[in-house]
Every structure is written in C-alpha cells, then in structure tokens.
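Single-letter residue listing:
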Amino acid sequence: MEPIPVINQPTTTTAVGGKIHVRLTQGFYQNLRRLVSGTLLFLFFGLAWVEVDGQPWLMFDFDQHRINLFGTQFSWFDLPLMAGLMIAGTALLFLVAVGWGRLWCGFACPQSIWSWLFIRIEQMTEGRASVRRKGDNQPLTGNRLTRRVLKHILWVLLATATAVTFTGYFVPMRELVMNMLTLELSVFSTFWIIMMAALTYVNGGLVREKVCFHMCPYSRFQGVMFDRDTRTVTYDVARGEPRHHKSQAATDTKGDCIDCGLCVQVCPTGIDIRNGLQYECIDCAACIDACDAVMVKTGRETGLIGFRSENQIVKQPSPLWRPRLLTYMLVMLSATAAVMYGFTQRTEILVEIRRDRQQLVQQQDDGTVCNLYRVKVESFTGTHEAINVAVKADFDIKVNGQQQIAANEMNLWLPYRICSSDRYLKGNLPLQFNVNNSSAQESKKTVFMTVARRYVRRITQRWITHGLYQRFGFTGVESLQVVKTYRFSSLLYRLIVDKFCHCLRTHLLTKRYNHL
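All values reported here derive from a predicted model rather than from experimental measurement. (Residues numbered from 1 in each chain as written. Predicted model: local features only at pLDDT ≥ 70, side-chain atom pairs only at ≥ 80, totals over all residues. Heavy atoms only, no water.)

Caption draft 1: Focus on the overall build of the chain. The secondary structure content of the chain amounts to 18 helices and 18 strands. In the chain, which comprises 516 residues, the proportion classed as buried is 40%. Contacts in the chain between residues far apart in sequence, at least 24 positions, make up 67% of those at least 6 positions apart. Split by element, the accessible area of the chain, about 30100 Å² in all, is 60% carbon and sulfur. (Helix = DSSP H or I, 4+ residues; strand = E, 2+ residues; numbered from the N terminus. Buried < 20%, exposed > 50% of the residue type's maximum accessible area, 1.4 Å probe, protein only. Contact = heavy atoms within 4.5 Å. Areas by Shrake-Rupley, 256 points an atom, 1.4 Å probe, with all protein chains shown as cover.)

As structure tokens, this is what we get:
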C-alpha cells in the first residue's frame, strides 16, 4: 500500500507573525452577509429588552425556575421541548451543509459575526490591512500606540456590551443594568459578565480563525457530509489555469486568473481557495466578491470563483435535491412538528408535594390520624391570579391549609395538615390535590398513611421479641428470625405467641425429663 502524499502549501501573504490581516471588500455576497449578520445582531441586542405585560419576552429565569419563550412561560419540566428545538436546528444545519457547504459558518455563526465586527473596529482605528501589516514591523510608539490603545478600548466595550446582553437573557435586563449602575450586582451576574466579556474579547479579537481551525467540530466532520453535488466556494481550475500576472499580455494559452492575490487577502482564515477545498474555508464568499470585481475590471466573465459543486465543474449533472438532503429535511420537519405539538401540551400549573420526613404519621389521643405535607404550586399561564387548592379523598378528611394561593406565595413550600377520624382505615390510601385557576387546572396524587400498617405491626413485633427473650432467653437476632418466620398481621399476636411459647416450653421440659 502506497502512502498518501502530503503537500505543504505555503503560508498566506496576509499573515505576519502568525496574525492574519483581513482586507475588507464589497460585493453581492458581502452585502448579503452583512444583512444577515446585522439582523441577527439587532435581534440579539434588542430582544433582551423586550417585555410583554411586565415579563421578558425571551429569558431563561433560574430564580423563578421558568423559561419565557416568545411571550409564553415554560417550566423546567418542559426542557425536552428545548431539546426538540436543538434537534430541529441541528437537522437544519446538516441540511444546509449537505446542500451548500459551510454557509452557516460564513454568514450566521456568532464567531464569524463578532470576528468581522472586531476586524471592522481594527480597520477604523489602525487603517487598512496593508497599513496594519506594515505597522507590525515598526515600533509601537506615538500615533500608532494611541490607535492601538483605542482599538483595544473599543474591543473591551464591545465585549462588555455582548456579555451584559448575554447575561440579560438569564437575569431581567433592566434589573441587571440598574444593579450595575448602583454597584449592587450579584456575584452570579458579575461572574458571568466578566467571563463572557473575556471570552468575547479573546475569541473575536485575538484568536479569531483559530477557533474555527482547532475548536469548532463543524469543520472536522464536514468532509463526511459533503458529496460531489454540494454547492460550496470553488475555484474553476479549468478556466483559471495557467495563471499569469496582470502585467503580462493575455493569450489563448493563459487562464483568466491574473494571480492578483486578492482572494487570499480578503479571506478571514487566510487560505488560498485556488488550492482546492480546505477544511479552513468557512464559505463566507469574500473571495467570490473580490474575484468578480477583478474580472469586471479586466473585462472577463465573472464566476471564476463561485458556489459550485464538483460535478458542475466537470459539466456533469448535479441535482440539488437528493435523498440525503431530503432525509435531513424530513428529520427537521418531524422535530419541528413534535415541538409544535409539545407547545400545546406544555405544563401550565406545576404542583410538587413533599411529606414531612420527621414524622410521617401523627395519631392523637382521640384516635385521629394526621399526615403532614408541604406543597409548592407554580403557575406558567402568564397571569397573576390566585390558585385554588382542593383535596379529594374517598374517606372523610379535614384539611388544615390554604385553600387559595396568592401570586406572591407561589414557588414557596406551604404546609398542609390532613387528618381523618376514621379508626378503621388501614394501609396507604390514595389522596389527590386539585389546583386550578380560570385558565388551567392540574392534579397531583399522593398517599395518606395510617397507623395500622406501620405502627401496630412494629409494636407487635417488639412485643414478640421481648416475649421470646423473657421466656427462652433468645437473643435479639434469634427473636428477629422467629418474628420473620411467623409474620402475622393482626392483634392476635399475643394469643398466638402465648400459646406458642407455652407449647414450646412444655415440649422442652418433657424432653429434658425423658433424657434424665
């Protein structure tokens, strides 16, 4: 078996000391990318401030244990719906990857969007890519030092704004900003703001494309998802080669590529698309716009670099809709339909019941049996109305507890004492808490424990153990074995044990006298 040859491509000319200086360009795809990224940025920074009826429109509230999603409240028990959304989003991501390559990375990925923002700030403060590249070899003094400091200040401000907005999706945004202004920020919020600001500053300003190279798994498994019909950024080798310099006269034997290098200079990952498909390519289409501009200036046909499949390059049929693409679409639609159905079955009222573990059953002098419960009710209907509480049982009970829970008492553990004076109750009996308001209702089942099953048996077993010890000198272990062997369940214990002990004693005495 022959080894696979390894080709070492030369590093890009845009890298100085390991840093890539990206040259910004204009064109159709860049305008489209800015439109998409601008819309996503507007939604990210804007939705955190939107409130409906005094409630955030989109927030993951850890304190109240609820999710406000598009004006609808969900409980943490509805988190499987979020998993369904993630499955649908993943299927959509795979669908786009199979059909059009890493379009998500180039046009909508947060890492790419914030990297472009940081690059834009860098150009505003330190000049174009060529100026920055030359300045890296010069001492950092005077005007260059001032511009460098200003750049990092703007980077920190952008990173801080991003971190505050991100934290605003977990803590109410207006409360968060007010706490920042009054220096009353909690430890939790302070930690998240500092951490997210640091990550944004490092990822967008310092490492950038290295996140795509070494941290993002998407670039690694894209090779499994691509096929010969995937539309991705591709260089037309047959048309562009052999290359010639723009100062050379064009002939029939020369290709359309004039080797200007603009496709490399505008690439945010610093690759040369003319070397073929590479995992570093994020399909941002910056090289397409740069090459099309050169083709227009030189009077040649545009499209030397474009979104094409391998089959299209070799003039072979290349269908867009194929079985694998349709399969991902089916998975996406199925997950979306399941989530939409789940939205209609969401939890509107959540009831949790805990028993008092210190004393499961209380028996009063008059024979009344009482059970203690702690009940917590949460409403996710979006209203502030009170919740009615009722207890249902098949036997007579008396309920000591609130029959109505106000809005400010929700999410609190409230005590309930339920008693029954029926002396003939035995075992664990079913009990049901019914809660409701004007728009929703919910039920929660539990059990009512009586004395007969637990305490009478326990007292009787203790009496048997004590009786066996008094009559025969049995140890505790031996007595317990007898109790387990003769496991009776009524107050006839005393008569049966007395009879058993008398017979056993008589038998042993008779056996001893016969032996003598």
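Caption draft 2: Structural view of the sheet that holds strand S13 (residues 387-393). Reading across the sheet, the 4 strands line up as S15-S13-S17-S18 and stay open at both edges, with antiparallel pairing between neighbours. The open sheet has two edge strands, strand S15 (404-405) and strand S18 (441-449), and neither has a second partner. When S13 meets strand S17 (residues 428-436), the two strands line up antiparallel, connected through 6 bridges. Its bridge partner lying in S17, Val-391 is registered against Phe-433. (Pairing = 2+ DSSP bridges.)

Caption draft 3: Highlighting a positive patch on the surface. Taken together, the side chains of Arg-23, Arg-128, Lys-134 and Lys-297 present a region of like positive charge at the surface. Within the secondary structure, Lys-297 is located in helix H13 (residues 286-297). (Patch = residues over 30% accessible without salt bridge, like charges linked within 9 Å, V, L, I, M, F, W, Y side chains within 5 Å. Salt bridge = Lys/Arg side-chain N within 4 Å of Asp/Glu carboxyl O. Lys, Arg positive; Asp, Glu negative; His and termini not counted. Charge placed at Lys NZ, Arg CZ, Asp CG, Glu CD.)

Caption draft 4: Focus on the nonpolar core. Leu-69, Trp-114, Tyr-169 and Leu-176 are the most contacted members of the largest nonpolar core, which has 26 residues in total. Among the elements of the structure, helix H1 (28-47), strand S6 (66-69), helix H2 (79-100), helix H4 (110-126), helix H6 (142-167), helix H7 (173-181) and helix H8 (187-207) are those that each provide at least two residues to this core. In terms of residues, this core owes the most to one element, H6, which gives 5 residues. Not counting chain neighbours up to four residues away, the residues in contact with Tyr-169 comprise Leu-43, Phe-44, Leu-47, Ala-48, Leu-58, Met-59 and Phe-60. (Core = buried A, V, L, I, M, F, W, Y, C linked by side-chain atoms within 4.5 Å.)

Caption draft 5: Fine view of the sheet that holds S6. Overall, antiparallel pairing links the 3 strands, which are arranged S5-S6-S7 in an open sheet. Two strands in the sheet have a free side with no partner beyond their single neighbour: strand S5 (58-61) and strand S7 (72-75). Across the sheet, the mean angle from the axis of one strand to that of its neighbour is 15°, orientation sign disregarded. Where S6 meets S7, 4 bridges bridge the pair, whose relative direction is antiparallel. (Axes fitted to C-alpha atoms, helices over the stretch in contact; angles between N-to-C directions.)

Caption draft 6: How the structure looks around empty space enclosed by the protein. A full pass over the atoms with the stated rule returns 3 cavities of 30 Å³ or more. Taken as a whole, the largest cavity spans an internal volume of roughly 120 Å³. As for the largest cavity, its lining consists of 13 residues, and the residues nearest its centre are Ser-115, Arg-208, Glu-209, Pro-268 and Ile-282. Those elements giving two or more residues to the lining of the largest cavity turn out to be H4 and helix H9 (209-215). Ranked by the residues each element gives to the lining of the largest cavity, the list is headed by H4, at 5 residues. Classifying every residue of the lining of the largest cavity by side-chain character gives 7 nonpolar, 4 polar and 2 charged. (1 Å grid on protein atoms, 1.4 Å probe; cavity = no way out; pocket = protein on both sides within 12 Å on 5 of 7 lines; lining within 4 Å. Points joined across faces, edges and corners; volume = space filled by probe spheres on them. Nonpolar A, V, L, I, M, F, W, Y, C, P; charged D, E, K, R; others polar.)

Caption draft 7: Seen up close, the packing of H1 against H13. H13 packs onto H1 with a crossing angle of 145° between their chain directions and a minimal axis gap of 7 Å. In this structure, H1 contributes Phe-28, Tyr-29 and Gln-30 to the contact, and H13 contributes Ala-286, Ile-288 and Asp-289. A per-class count over the contact of H1 with H13 returns 4 nonpolar, 1 polar and 1 charged.

Caption draft 8: Representation of H7 within the structure. For H7, the complete set of buried residues consists of Met-173, Leu-176 and Asn-179. For H7, the buried positions fall inside an angular range of 130° around the axis, keeping them on one side. The inward-facing, buried residues of H7 contact H6 and H8. Where H7 terminates, the next one or two residues include Leu-183, which has phi positive at roughly 60°. (Arc of directions from axis to C-beta.)

Caption draft 9: Inspection of the state of the cysteines at higher detail. Taken as a whole and assessed by the stated rule, the structure comprises 1 disulfide. Take Cys-105: it sits in no disulfide, and the sulfur closest to it among the cysteines is that of Cys-216, at 5.5 Å. (Disulfide = S-S within 2.5 Å.)

Caption draft 10: Region of the structure containing unusual backbone geometry. Here the amide bond leading from Glu-241 into Pro-242 is cis, since omega sits at -5°, within 30 degrees of zero. Turning to its location among the elements, Pro-242 is positioned in the loop between helix H11 (237-240) and helix H12 (262-265). Although it is not a glycine, Asp-259 adopts a positive phi angle of roughly 55°.

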